[in-house]
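# Working through the structure, step by step
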Amino acid sequence: MKVLGIIGSPRKEGNTDILVSEVLKGASRDVQLNAHTIEKIYLDDFRLFPCKTCGKCKTTGVCVQPDDFNLILEKIKDSSAIVLGSPVYCKTVTAQTKILIDKIDSSQIIVSSTSDGKTKFSRRIRTNKKGVIICIGDLSGLNTVKQSAGVMRCLFRDLSIEVIDEILANKLSEKGDVLKNKPILQQAFIAGTKLR
Ligand SMILES: Cc1cc2nc3c(=O)[nH]c(=O)nc-3n(C[C@H](O)[C@H](O)[C@H](O)COP(=O)(O)O)c2cc1C
């Protein structure tokens, strides 16, 4: 089992980071998991160029741009569970998170035509991975947070990863605010235990 936590917030030790870490803690409870089986990455530490719709990934499944997308994709493929977290920025996910979601969508969905001329979408890979979505905001209503989590769902859909929990919260502003929200921390920990 390998669990990969992906943090879409550029703020290390912020609310998203804390919640993703809590899920990872839940996943590693009572089990001897080491650095090889739990990994946490910050998208902001990687070079990610936006998708240019060049279409070259359609045949290969990999991006031709000189960035770190293929590296992150390999990490996702190597994991049995994915925890993806993003704060709401301007009513959607962060730019870092969106680039990853777009590039997964471009490279992992194959578009073809059926014999009767209809467009057919199929997934490049089928997995039995599990996933958790974490999406948090501040002043926006929970409906906006949920909508942003819906954007994150595209990644899980494209990789056929079963989403076992969606952790949503608002009224989180400063770094560490989420530490005062015990129910959401508990939800995150419990979600982690279900990833095993
Ligand atoms: C550029 C920017 C845009 C934001 N836009 C929204 C927004 O539209 N809705 C909202 O509820 N919070 C918004 N926020 C607040 C963050 O979602 C909130 O502070 C969150 O706790 C940050 O998560 P982090 O601690 O993981 O970085 C925004 C923050 C920034 C920096």
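The shown structure was predicted, so the numbers you read here are calculated from the model rather than taken from an experiment.

### Looking at the overall build of the protein chain
Secondary structure assignment for the protein chain yields six helices and seven strands. In the protein chain, the order of α-helices and β-strands from amino to carboxyl end is β-α-β-α-α-β-α-β-β-β-α-β-α. Expected size for 196 residues packed as a compact globule is a radius of gyration near 16 Å; at 17 Å, the protein chain falls within 12% of this value. By its C-alpha atoms, the protein chain is 55 × 40 × 35 Å across when sized along the principal axes. Counting only residues that meet the buried cut, the protein chain has 40% of its 196 residues in that class.

### Observations regarding the site of the ligand
Residues in contact with the ligand amount to 20 residues; listed here are only the nearest, Gly14, Thr16, Pro87, Gly137 and Ser140. Looking at which element gives the most residues to the shell around the ligand, the answer is helix α1 (residues 15-28), with three residues.

### Thoughts on α1
Between its first and last C-alpha atoms α1 spans 20 Å; for 14 residues at 1.5 Å apiece the expected length is 20 Å, and the two agree. Of all the 14 residues making up α1, 12 are buried; the element is thus mostly covered by neighbouring parts of the structure. The set of residues buried in α1 consists of Asn15, Thr16, Asp17, Ile18, Leu19, Val20, Ser21, Glu22, Val23, Leu24, Gly26 and Ala27. Those residues of α1 that are buried lie in contact with β1 (3-7), β2 (38-42), β3 (81-87), β6 (130-136), β7 (162-169) and α6 (182-193). One or two positions beyond α1, positive phi appears at aspartate 30, with a value near 65°.

The rules behind these values
Residues numbered from 1 in each chain as written. Predicted model: local features only at pLDDT ≥ 70, side-chain atom pairs only at ≥ 80, totals over all residues. Helix = DSSP H or I, 4+ residues; strand = E, 2+ residues; numbered from the N terminus. Rg over C-alpha atoms; globule rule 2.2 N^0.38 Å. Buried ≥ 20, exposed ≤ 12 C-beta atoms within 10 Å, placed from the backbone. Near = placed C-beta within 6 Å. Expected span 1.5 Å × (residues − 1). Contact = placed C-beta atoms within 7 Å.

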